[in-house]
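# Summary of structural features
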Amino acid sequence: MAEAYIVEAVRTPVGKRNGGLAAVHPADLGAHVLRALVERSGIDPGAVEDVVFGCLDTVGPQAGDIARTCWLAAGLPEEVPGVTVDRQCGSSQQAVHFAAQAVLSGTSDLVVAGGVQNMSQVPIAFASRQAAEPLGLTEGPFLGSEGWRARYGDAPVDQFHGAELIARQWGITRRAMEEFALGSHERALRAIDEGRFDREISAYGEVRVDEGPRRGTSLEKMAALKPVVDGGLLTAAVSSQVSDGASALLIASERAVQEHGLTPRARIHHLSARGEDPIRMLSAPIPATAYALKKAGMTLDAIDLVEINEAFAPVVLAWLKETGADPAKVNVNGGAIALGHPLGATGARLMTTLLHELERTGGRFGLQTMCEGGGQANVTIIERL
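Below you will find a few notes about this structure. Computed from a prediction, not measured in an experiment: that's the story for all the values here.

### Here's the deal with the nonpolar core
Judged by nonpolar contacts, the single largest core of 45 residues is most densely connected at Met 177, Leu 282, Ile 303 and Trp 319. For this core, the secondary-structure elements that each account for two or more residues are α7 (159–169), α8 (174–193), α9 (219–223), α11 (285–296), β8 (305–308), α12 (313–323), β9 (365–372) and β10 (376–384). By residue number, the principal contributor to this core is α12, which donates seven residues. In contact with Ile 303, not counting residues within four places along its chain, are Leu 293, Met 298, Lys 329, Phe 365, Gly 366, Leu 367 and Ile 381. Counting residues in each nonpolar core, the second largest holds 36 residues, with Ile 43, Val 116, Val 207 and Ala 248 among its members.

As structure tokens, then:
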């Protein structure tokens, strides 16, 4: 049976909005992790068969197939192609899936997967507005469609609306969300202080650690914030942070491992993606996790660590309620509420952190999932070797 191995995984620190990485061209952020990946793995870069990168809002410095641009900006061989993937927030997790599927199918032996996003330069949804306005298009990607309107009416297609729906459907209070958010900051700060991220991060100039976690934040400070929507439960404190960063993994076949003398660190045990209600949008990790565990013939008891993206606190809290997962195994080093969410890079960032934490703790199986625009979710289960 064919196997897809993770040989190396590296990321930049996650920069906060208008922070230490804000002025860095996205191609240079991606190039940085690609050079680090090649150096750390010792691989001949000319042996790489494709570079699959996630990125959203591909306009301006992120346009023109940023995967290819990052590879060339890194000074790496021109004969290696690149392709950019958009599965919304799960784009670079999907990049890992595509890379692994290429290896599992036998059509490739060595593929780089990752992602990049500079949200300081290109804010979320800015690309679609900028591209549409000169053409006189005002309806956006959903509501101009007769088929969409016939199926979903004029319900708002908005991540904040979806998160509010989840909080109310699962009975999640603002206080519970704030307690979860505070815990995310505390876990992230502990991880930074204990050096847990040191091995997975390749510093970019003077930026050596994640900039998002807030020391000195408190439930009292969070309680004083105004809701994002009048009368709503969500505030900035329980939402993921606008961020900048890049991440990359090297995926190899058994043949590549032998030919290049590589040391696999984990294998892809399972990969899948599922979808559900695009209006509620962010709850798809719940059915996607159930589907993945059934396909893999596993239960959550067999999973040592979980990384589920903290797009908003209710996403994780609803998932915990539905799955019955042990919270002590989930996002043990904090999540996007504290560490930030550079959209196109987060999937591979989570995978990188999951791999390194499995190695640090001696765990065997790790599960990663994240909510995505359109009501979708990817799930990856990896086995540490």
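### Side note on the packing of α7 against α12
Between α7 and α12, the shortest axis-to-axis distance is 9 Å and the interhelical angle comes to 35°. The two elements α7 and α12 cross, and the hand of that crossing is left-handed. Residue-level contacts link Ala 163, Ile 166 and Ala 167 of α7 to Pro 314, Val 315 and Ala 318 of α12. Along the lines of polarity and charge, the residues of the contact of α7 with α12 split into six nonpolar, no polar and no charged.

### Focus on the environment of Cys 70
Relative to the assigned elements, Cys 70 resides in helix α2 (residues 66–73). The contact partners of Cys 70, leaving out residues within four places of it in the chain, are Pro 26, Ala 27, Gly 30, Ala 31, Leu 34, Phe 53 and Val 116.

### Quick notes on the packing of α11 against α12
Working note: a packed helix pair is described by the angle between its axes plus the distance between those axes. As a packed pair, α11 and α12 sit with axes 9 Å apart at the nearest point and diverge in direction by 40°. Overall, the two elements α11 and α12 adopt an arrangement that is oblique. Every pair of crossing elements has a handedness; the one defined by α11 and α12 is right-handed. Contacts from Pro 285, Ile 286 and Thr 289 of α11 reach α12 at Ala 318, Trp 319 and Glu 322. In terms of residue class, the contact of α11 with α12 is built from four nonpolar, one polar and one charged.

### Quick notes on the pairing of strand β5 (residues 110–118)
By the criterion of burial, β5 is predominantly enclosed, with nine of the nine residues buried. The alternating pattern of β5 places Leu 110, Val 112, Gly 114, Val 116 and Asn 118 on one face and Val 111, Ala 113, Gly 115 and Gln 117 on the opposite face, and all of these are buried. Of the strand pairs in this sheet, strand β3 (residues 50–54) and β5 are connected by five bridges, and their pairing is parallel. Looking across to β5, one finds that Gly 54 is bridged to Gly 115. Examined bridge by bridge, β5 and strand β6 (residues 243–252) share nine bridges and lie antiparallel to one another. Within β6, the position partnered with Leu 110 by the bridge is Ala 252.

### Re the packing of aromatic side chains
What the rule picks out here adds up to two aromatic pairs. On the numbers, 4.6 Å between centres and 45° between planes, the contact of Trp 148 with Tyr 152 is tilted. In this pair, Trp 148 and Tyr 152 are both assigned in helix α6 (residues 146–152), four residues apart and thus about one turn of the helix distant. Given a relative accessible area of 18%, Trp 148 falls into the buried group. We classify Tyr 152 as partly exposed; its relative accessible area is 25%.

Definitions and cut-offs
- Every chain begins its residue count from 1, and numbering advances along the sequence as written.
- Local features are withheld for residues below a pLDDT of 70 in this predicted model, meaning they are given only at 70 or higher, and side-chain atom pairs are given and counted only at 80 or more; totals for whole chains, interfaces and linings count all residues.
- Based on all heavy atoms of the structure, the side-chain values leave hydrogens and waters out of the count.
- Definition of nonpolar core: a set of buried residues of the types Ala, Val, Leu, Ile, Met, Phe, Trp, Tyr and Cys, connected through side-chain atoms within 4.5 Å.
- The rule is simple: take the accessible area with a 1.4 Å probe, protein chains only, and divide by the maximum for that residue type; under 20% is buried, over 50% is exposed, in between is partly exposed.
- Secondary structure elements follow DSSP: runs of H or I of four or more residues count as helices, runs of E of two or more count as strands, with numbering from the N terminus.
- Throughout, a residue-residue contact means that at least one pair of heavy atoms, one from each residue, lies within 4.5 Å.
- Fitting a line to C-alpha atoms yields each axis, with helices limited to the stretch in contact; the angle taken between N-to-C directions then spans 0 to 180 degrees.
- Handedness of a crossing is defined here by the sense of rotation of the near helix relative to the far one, left-handed for an anticlockwise turn of less than a right angle and right-handed for a clockwise turn.
- Three classes are used: nonpolar for Ala, Val, Leu, Ile, Met, Phe, Trp, Tyr, Cys and Pro, charged for Asp, Glu, Lys and Arg, and polar for all others, with Gly counted as polar.
- Comment on the angle field: the value is read as roughly parallel under 35 degrees, roughly antiparallel over 145, roughly perpendicular from 65 to 115, and oblique elsewhere.
- DSSP calls a pair of strands paired once it identifies at least 2 bridges connecting them.
- Working definition: rings of Phe, Tyr and Trp (its six-membered ring) pair if their centres are within 6.5 Å, and the pair is stacked with planes under 30 degrees apart, edge-to-face with planes over 60 apart, and tilted otherwise.

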